[in-house]
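This is what each chain is made of:
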Amino acid sequence: MADTQADNSQELLIAERYLISLDRKQPDLGGCETYSAQDMTTSGASYLALAPFAPSARLSEIMFFRHESVIPIRTHEYSQGILWVFCPHPPGPSLAESLGLWTESQLIDGVIRPLASLLQNLEAAKLTCRSIRPDNLFVGQGLHQVVLGPLGVSAPAEKQPVLFEPLSSAVCRPSARGEGTTDCDIFSLGVIILALATGKLPLEGLSDADILKKRFEVGTPAAYMDGQNVPVGLRSLLTAMLSDDPVSRPSPRDLVTIAPSKLFTVRPVIPARIPIMIGGNAVHTPQALAWYAGRHPAEFSALLQRKVVSNWLHRELELSVMASLIEQASASFLPAGGSKAVDPATMVITHAISVLDPAAPMFWGGLWFWPEALPQMLVQATTRPATPDEERTVRNILSFMAGNPDAFMSAHLPQRQARQITTLSVAARRMGLKGADLVRRFPYDMNSFLPCLSKRCQELRISLPEGLLQWLNRHVGIEDLPDEALGRSGFLDDQMRSFLEANCARQGVIPLSQSQKAGLPAWLADLTLLASVQRKFDKTSLSFMAQRALPLLETELRQWRSKTARARRRVRLGKVAEEGNLGTFLATVNDPTGLRLDQRQAQEAEAEISNLMRVLDEAPERRAANDREARNSGEFFSLLTGIAVAMASIWLEFCR
Amino acid sequence: MASVRQAEQDSLRAPGFRWWHGIIIGLLLSYVPGSLVVAGVLLLPLVALRFFDPNADGQRIMIVLFYVGAAMVHPLHEAWAANGDWDTCIAQITQPVTLALDWLSAGAAWLVAEASAIGGRLWNAEVARRERKSIEKRIAYLQDEWMSSDEDAPAT
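Residues numbered from 1 in each chain as written. Chains lettered and ligands numbered in written order. Predicted model: local features only at pLDDT ≥ 70, side-chain atom pairs only at ≥ 80, totals over all residues.

Describe the overall build of chain B, naming the residues involved and giving the relevant values.
The secondary structure content of chain B amounts to 7 helices and 0 strands. With 156 residues in all, chain B has 24% of them scored as buried. Counting only contacts in chain B whose residues sit at least 6 apart along the sequence, the fraction spanning at least 24 positions is 72%. (Helix = DSSP H or I, 4+ residues; strand = E, 2+ residues; numbered from the N terminus. Buried ≥ 20, exposed ≤ 12 C-beta atoms within 10 Å, placed from the backbone. Contact = placed C-beta atoms within 7 Å.)

Dropping the structure here:
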C-alpha cells in the first residue's frame, strides 16, 4: 500500500469512480479492514470499502447473493491487482457494542425468522454463512431487526469465536474449520438468541480451552443455559439449536415458520454412570472421549489396545455396534504389510475418533481439521504461523492426503470427510504436480481470490497476475533484487511462481514449471513464465524488468556464432527491452529457426575456411606450373613478333 | 631460297644427316654456290646459339630463325639479283653492316624471348600475390565472423 499512498497521499481512486479515503479507517466489517469510500459519479453516495485478505473461495457466487437480512456486496473492483469490495453502510451499531435485552416476540420477528429465511436461501444456493457473531450483526437505531455483515469477505468461520461454533468446528483452529454446514449456522444463531434473551454472552470470562472443556463435560446446552435466566418459551428451541448432535438441530424451514413457545424434541444424551479416565479427566460421553483422545493420543491408544474403550462402550453405554467397530479399529494395531507410508498408530486413532463421534472433524498428525480447509490452513500457516513448524506440519498433511487418498478411504471415515478428501485428491491430480510444488499451488488453485503470498508482496494483497507483474516491474531494481540473487533464484520466488502458474492454469495455459526442469537457468524460466502471463493477462509494458534482464539475456546471445547476428540481435534486444514486451524480448534470443540457420552457416564458413587454407598450401606447386606457362607464352609472343619483323623486312625489301 | 633455308635448318636441328641432305647440298653448291655461301654465313648465329645455349629448344631456334631471316632478306635479294655472282656474294658477306645486323637480330630475338618470359613470370607472380591476398582477407573475415567470441562486446 506504500505505493498507492505515495502516489496520491491518502486517497485511492478506483475504476474512475470510487474514491477510497485510506486515512478514514472504519471499524472492521465482516473481518476485513474497512475504509470509507465515495462514489464520484453520484455525489454524496457513501460506501464502505473492504480490503479482504483471503476471502472465501466462493466469493464470486456469494457476491450475487441478495437477501434483506444481509448487507449486500455492491460491487468489487481491482486496483493494481488489489481486490476491493464495496458495500453500503450497516444500518446501525453492531451487537458487540451492546446486546440489549430482547423479548421473545422481538427475537422471533427480528432475529430468528429473518436469519432463518437467510439460511434457507443460502442452503438453496448450497452456501453457508458461518459469520453469525455479535460483531457482524447490526441493529438499526430503535429497531429490533438484525442485519448480517457482508458474506464471504473472510475465510469461512475464521473470525468466529469458539463460543459461537458447534463442537464439530470449535475444536479446530479458526483456519481449519472449513465451509461447515447449515447446521453449524443454526448453532451460531442459537448462541446469538441466547445472548440476546439473557442480555449477556454465556460462559463469559472463560478461556477457549475452558469453554471447550465445560461443553464436553456437560454438553453445550447445559453448559450455556444452566443458571441463566432463559425465557421459558425459548428453552426447548435453544436446547435443540445448541445440541451437540447436528441431526437434532432444527432446520431453517422449522425456524422460518416458528411460533412462540414451539416445542422441539431432542434425543437425550445419556452419559455413562461410571466414567472412563483419560489424562486425569473423567469422561462420560463418546464425543468427549473422542476429544480427549486427540489431546492424549498415547494414553488413548493404550486404552484401545487393552480393550478398555470397547468394554466401556459396551457395558456402560450399551453401544454394542460402536464397541465392535472400535474393536475392529484397534485390531489394526498389528503391523500392517501394505501401507508403509501410513503410520498405523495415528491412522488407528483417526479411525477410532471417527467411530466415537461421526460428526467430529478429522484428527490426523496432531491437528483437528476439516480436509477442505487444508488450503486455508496453509495460507494461515504461511502468513501468520502460530508455531514455527506449523507450516511444515500442514504441508506434510496436505501433501500426504492429496497423494494417498486410498490410505484414508480404507479407514472408513465419515462421509463428509471422505468426500472432502476425494475433492482434494481430484484437484491434486488435475494440477499434475508433485511434492512441494503441488502443496504450494493448492491454495491458489482452490481460491482464485487469494493474494500472492510471497514474503515480498504479501502485505499488498495482490490477487491478479497483471497486478503482480506491474508490481514486479516496479520492484526489480538492484536494491530490491541484487545481481547474485537474480542469477541464483531468478526474478520470482516460489510463491510468486505458484501464484502465476495457478492463474495461467485457470486460463488453460499449460503450467511452465517443466521449463525449469529442462535445465534452464531460474531467471530464464521466470522470464518465460512472466512472458506468457503478460501475453495472457496484461498488455502493458514491463520495460524495467526487460532492461534488468538485458545483460543476462545478452550472455545467452553467445550461442549465436555469427558476430554480426549477435550485434544485430543485441541492438534489437535493447530496442525491445524499452518497449517492454517480454514475449518478443525472449523471442529475439529464443529463435530456434534462426539459431539453426546460424549454425548451418557457421558450418559452411568452417568448410570454406579449410578449403581456402588448402588452396593457400598448394600455392608453390602452382607457381612452378605458372613459370612454365610464362616461359611458353613469352616464347609464343617472341615468335609472333619475329614473324612480324620478318614480314616487315620482306615488305621493305620488295615493295618499296 | 626457302628450300635452302629448310635444308640448313634441318642440318642444324638434327644431328644425324640423312643421305639426301648431302645430295641437296651438293646440288645447291654446284648451281648457286654464291647464294649458299651468303645464307651459310648469315645463319652462323644460329650455330653459335646452338653451341652456347644447350637449353635452346626448337621453339627458340625457330624464333631466332625468323629474326635472322628478316636480316637475311636484303643480302639474299642482292645475291639473287646478281644471279649468284660470286663476287657480289662475297661483297655481301663482307659488308660489316650486314653482318652486324645479322648478329644483332639474333641477339634481339634471344633478348625478346627471355624478356617476355621474365615479364610473363612477373605478371603471373603479381596475379598470384593478389589472389593470395584476397584469400587471406576472406579467411580473416570468416574467422572474425564465425569463430570469435564477444568478450570485447561494446557495453550497451
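Which residues make up the overall build of chain A, and what values go with them?
A tally of regular secondary structure across chain A gives 29 helices and 12 strands. Over its C-alpha trace chain A gives a radius of gyration of 38 Å, far above what one expects of a compact globule, namely 26 Å for 656 residues. In terms of principal-axis extent, the alpha carbons of chain A reach across some 165 × 75 × 40 Å. Expressed as a percentage of the 656 residues in chain A, the buried residues total 43%. Partitioning the contacts of chain A with sequence separation of at least 6, the portion at a separation of at least 24 is 65%. (Rg over C-alpha atoms; globule rule 2.2 N^0.38 Å.)

So what about the confidence of the model for chain A? Which residues, and what values?
Residues and elements named next belong to chain A. Of the residues in chain A, 95% reach a pLDDT of 70 or more, and the chain-wide mean stands at 87. Taken element by element, the predicted model of chain A shows its lowest mean pLDDT in helix α1 (residues 2-7) (43) and its highest in helix α5 (residues 182-198) (94). In the predicted structure, residues 1-8 sits below a pLDDT of 50 and forms 4 contacts with residues beyond four places in sequence or in another chain. Under a pLDDT of 50 for its full length, residues 335-340 has, in the predicted model, 2 contacts with residues more than four places off or in other chains. (pLDDT = per-residue confidence, 0-100.)

How would you summarise the interface of chain B and chain A if you had to cite specific residues and measurements?
Taken together, the contact pairs 34 residues of chain B with 36 residues of chain A. Where the side of chain B that touches chain A is concerned, the elements lending two or more residues are α5 (58-81) and α7 (96-146) of chain B. Partitioned by chemical class, the residues of the side of chain B that touches chain A number 15 nonpolar, 12 polar and 7 charged. (Nonpolar A, V, L, I, M, F, W, Y, C, P; charged D, E, K, R; others polar.)

Account for the sheet that holds strand β3 (residues 32-39) of chain A, with residues named and values stated.
Strand-to-strand pairing in sheets goes through backbone hydrogen bonds, with the strands running parallel or antiparallel. All names here are of chain A. Ordered in space as β1-β2-β3-β4-β6-β5, the 6 strands form an open sheet in which the pairing is antiparallel. Each end of this open sheet is capped by a strand with a single partner; those strands are β1 (11-14) and β5 (75-79). Along the sheet, successive strands turn relative to each other by an average axial angle of 40°, direction set aside. Across 6 bridges, β3 lies against strand β4 (residues 46-51) in antiparallel orientation. The partner of A37 across the bridge, within β4, is Y47. (Pairing = 2+ DSSP bridges. Axes fitted to C-alpha atoms, helices over the stretch in contact; angles between N-to-C directions.)

Help me get a handle on the packing of helix α15 (residues 374-383) of chain A against helix α16 (residues 390-403) of chain A, residues and values and all.
All names here are of chain A. As a packed pair, α15 and α16 sit with axes 9 Å apart at the nearest point and diverge in direction by 155°. With respect to α16, the axis of α15 lies roughly antiparallel. Handedness of the α15/α16 crossing: left-handed. For the pair formed by α15 and α16, the contact residues are L374, M377, L378, A381 and T382 on the first element and E390, E391, V394, R395, I397, L398 and M401 on the second. Of the residues belonging to the contact of α15 with α16, the class tally is 8 nonpolar, 1 polar and 3 charged. (Parallel < 35°, antiparallel > 145°, perpendicular 65-115°, else oblique. Left-handed = near helix turned anticlockwise from the far one by under 90°.)

Report on the nonpolar core, specifying residues and quantitative values.
Counting 172 residues, the largest nonpolar core has A:A49, A:I193, A:A352 and A:L374 as its most contacted members. The contact partners of A:A352, leaving out residues within four places of it in the chain, are A:A293, A:L304, A:I326 and A:A329. Counting residues in each nonpolar core, the second largest holds 26 residues, with A:A646, B:A39, B:V68 and B:V112 among its members. (Core = buried A, V, L, I, M, F, W, Y, C linked by C-beta atoms within 7 Å.)

Give a description of helix α28 (residues 592-617) of chain A that names residues and reports values.
For α28(A), spanning 26 residues, the distance from its first C-alpha to its last is 37 Å, which sits close to the expected 38 Å at 1.5 Å a residue. In terms of burial, α28(A) is a largely surface element, 0 of the 26 residues being buried. (Expected span 1.5 Å × (residues − 1).)

Tell me about the packing of α5(B) against α7(B), and name the residues and values.
Residue and element names in this part refer to chain B. At a minimum axis separation of 8 Å, α5 and α7 run at an interaxial angle of 155°. It follows from the interaxial angle that α5 and α7 lie roughly antiparallel. Between α5 and α7 lies a crossing of right-handed hand. On α7, the residues that touch R60, I63, V64, Y67, V68, A70, A71, M72 and P75 of α5 are T98, L101, D102, S105, A106, A108, A109, W110 and A113. Residue classes in the contact of α5 with α7 are distributed as 14 nonpolar, 2 polar and 2 charged.

Could you give me a rundown of unusual backbone geometry, with the residues and numbers involved?
Residue and element names in this part refer to chain A. Not every positive phi belongs to a glycine, and Q80 is a case in point at roughly 50°. Summarising the element assignment, Q80 is placed in the loop between β5 and β6 (82-87). Take Q80: there are 18 C-beta atoms within 10 Å of it, and that puts it in the partly exposed class. One non-glycine residue, R461, adopts positive backbone phi at about 60°.

Kindly report on the environment of A:F86, identifying the contributing residues and their values.
Residues and elements named next belong to chain A. On the secondary structure map, F86 appears in strand β6. Its 21 C-beta neighbours within 10 Å are what place F86 among the buried residues. Along the sequence, F86 and A49 sit 37 residues apart, while their C-alpha atoms lie 4.7 Å from each other. The contacts of F86, once residues within four sequence positions are left out, are Y18, A37, Y47, A49, R74 and T75.

Mind laying out the environment of A:A290, listing which residues take part and the relevant values?
Residues and elements named next belong to chain A. Along the chain, A290 turns up in helix α10 (residues 286-295). A count of 25 C-beta atoms within 10 Å places A290 in the buried class. Separated by 77 residues in the primary sequence, A290 and K213 place their C-alpha atoms 12 Å from one another. Beyond its immediate chain neighbours, meaning those up to four positions away, A290 contacts I353, L356, D357 and A360.

Hey, could you go over helix α8 (residues 232-241) of chain A for me, with residue numbers and the actual values?
Among the residues making up α8(A), those that are buried are A:L234, A:L237, A:L238, A:T239, A:A240 and A:M241. On its buried face, α8(A) is in contact with α3 (104-124), α5 and α7 (220-225) of chain A.

Tell me what's going on with the pairing of strand β2 (residues 18-29) of chain A, and back it up with residues and numbers.
All names here are of chain A. Of the pairings in the sheet, the one linking β1 to β2 comprises 4 bridges and is antiparallel in character. Bridge pairing in β2 places I14 opposite Y18. Connecting β1 to the next strand, β2, in antiparallel fashion are 3 residues, including A15 with a positive phi near 55°. As judged from the 7 bridges shared by β2 and β3, these two strands associate in the antiparallel manner. Counted as the bridge partner of Y18 is D39 from β3. Taken together, β2 and the strand that follows it, β3, pair antiparallel across an intervening segment of 2 residues, in which G30 is found at a positive phi of about 60°.

Give me the lowdown on the pairing of β5(A), citing residues and values where you can.
Both β5(A) and β6(A) contribute to a ladder of 5 bridges, which runs antiparallel. Paired with A:H76 across the two strands is A:V85, which belongs to β6(A).

Which residues make up the environment of A:M63, and what values go with them?
Residues and elements named next belong to chain A. Mapped onto the elements, M63 comes out in the loop between α2 (59-62) and β5. Note on M63: 19 C-beta atoms within 10 Å, which makes it partly exposed. Along the primary structure M63 and G152 are separated by 89 residues, whereas in three dimensions their C-alpha atoms are 8.0 Å apart.

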